[in-house]
Amino acid sequence: MKLIGQKLSVERGEDLIFSDLSFNVSSGEALIIRGPNGAGKSTLLRAIANLLPLLSGELTVEDPDKEFGETEFPQLCHYLGHDNAMKPAMSVGENLVFWQKFAGQPHLDIEEALEMVGLSGLDSVPYAHLSTGQRRRIGIARLLVSYRPVWLLDEPTSGLDTPSQSQFEALMKVHLEDGGLIIAATHIPLDIGTFKELIFDGFVRETAP
Amino acid sequence: MIALLKRDLSLALRSGGGAVTALLFYLAVVVAMPFAIGPNTQLLATIGGATLWIGALLAGLLGLERLFQGDYEDGTLDQMMLMGGPLPAQVFAKCVAHWLVTGLPLTLSVPVFGLFLGMEGVAIQASMATLLVGTPAISFIGAVGAAVTVSLQRGGLLLSVLVLPLCIPVLIFGVGAVRAAVTDPDPFLPPFLLVISLSLFFAVIGPFGAALALRQGND
């Protein structure tokens, strides 16, 4: 699968956030979006997820082997935004079970997913009792309980300590090796092998890996 | 969709959920009425149907503000748009959940509250019947208002202002049917069927309107 963005422009209110932005990512590749605060990294991710309308330009998905059939692109995506989409009143396990049922295509068990993010045994704890970093790790566990080939990550490591950060980098690597595709906006250097970079600095340019 | 319905139900029944609060608020409105009107049982019984309907309308509005706001704040709404299938279907599920924890308990409590107001048996039955078919309309109309005000910090007041006028037709025919049930020559069925048709009408267009407003408001 290959995702191609051509000459994308997005407007929020009356402000043009970025224009004429082009990129392409294929299965097994990661695209890291960098740039200062307010440059439009989150906006781009939300536009790719179809949560914001495009002013102009085109997002196309090339899927020559018809691996994903007729599924629409947003349905192939996991989006991890600033918020983790968990209900404080429910336990960690209940939250994850809900997302697994809601998203379909179960991948890992709740227990396994929690183990992957280093929080095994916490499934009966209310989500409200967790720390910021732990909440983020539950957010990451949500990516694991249902399978989606495309991960759209917005500052995925915010609130994570160094060990959990490397744990997450390992999870990202595994996802890429399995033929997944990652587009992430982050400030922190990520150790996930080679990746493409998209740099916002007044004008937008793309660098080769 | 079923998962969403179940989750909303379980959230509403926990601490901080709106289910019990709405019922208590309904009780407060109904009990306050005799204090305002005075101890004239005849009058109380006459306006009993109207009191029950006004109370249900206000209690129904109470939890509406939070219908989408919680999901908007914690990022769940983004996920619903991204991978939950058609958004109107999900809005429909959330409305059904809202009705199950507000409209339905309010309807079921009518026999008790009707006695407080000294209403006759027939009037109580008619009130229950009209509320049963009329309260879904409040949830579906309210969903549109809740979707429009989702990104506002204090949207509750604006929501009520937007939603109440739209609920007036349901109120007119609902109360009209209750009155017709006790006053003899007036037929009960025509206004009752109109209430049903209003509920069905809003059950169809409400979710689509709300989904449209949510898409526009979520940026």
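Since this is a predicted model, take the numbers as computed values, not measurements.

A. Molecular detail of the pairing of strand E1 (residues 2-12) of chain A. All names here are of chain A. Judged from the 8 bridges that link them, E1 and strand E2 (residues 15-26) form a sheet pairing that is antiparallel. Along E2, the bridge assignment pairs Lys-2 with Ser-26. Hairpin connection, E1 to E2: the antiparallel pair is bridged by 2 residues, and Gly-13 has positive phi, about 65°. Bridge count for E1 against strand E4 (residues 56-62) is 6 bridges, and the pairing is antiparallel. Across the sheet, residue Ile-4 finds its bridge partner in E4, namely Thr-60.

B. Seen up close, the interface of chain A and chain B. The partner chain B presents 17 residues to the 19 residues of chain A that form the contact. Looking at the side of chain A that touches chain B, the elements that each hand over two or more residues are strand E5 (77-80) and helix H2 (92-103) of chain A. Take the side of chain A that touches chain B: its biggest share by element is 4 residues, from H2 of chain A. Of the residues belonging to the side of chain A that touches chain B, the class tally is 12 nonpolar, 3 polar and 4 charged.

C. Fine view of helix H6 (residues 76-83) of chain B. For H6 of chain B, a buried count of 7 out of 8 residues is recorded, marking the element as mostly surrounded by other parts of the structure. Along its buried surface, H6 of chain B packs onto E5 and H2 of chain A together with helix H5 (66-73), helix H7 (87-101) and helix H12 (189-217) of chain B. The first or second residue beyond H6 of chain B is Gly-85 of chain B, which carries a positive phi of 80°.

D. Here's a closer look at the sheet that holds E1 of chain A. Residues and elements named next belong to chain A. In space, the 3 strands of this open sheet follow the order E2-E1-E4, with antiparallel pairing throughout. Looking at the sheet topology across the chains shown, the edges are occupied by E2 and E4. For this sheet, the mean angle separating the axes of adjacent strands, direction not counted, is 15°. Contacting E1, E2 and E4, helix H1 (residues 41-48) crosses the sheet at an angle of about 120° to E1.

Rules used in this analysis
- Residues numbered from 1 in each chain as written.
- Chains lettered and ligands numbered in written order.
- Predicted model: local features only at pLDDT ≥ 70, side-chain atom pairs only at ≥ 80, totals over all residues.
- Pairing = 2+ DSSP bridges.
- Helix = DSSP H or I, 4+ residues; strand = E, 2+ residues; numbered from the N terminus.
- Contact = placed C-beta atoms within 7 Å.
- Nonpolar A, V, L, I, M, F, W, Y, C, P; charged D, E, K, R; others polar.
- Buried ≥ 20, exposed ≤ 12 C-beta atoms within 10 Å, placed from the backbone.
- Axes fitted to C-alpha atoms, helices over the stretch in contact; angles between N-to-C directions.

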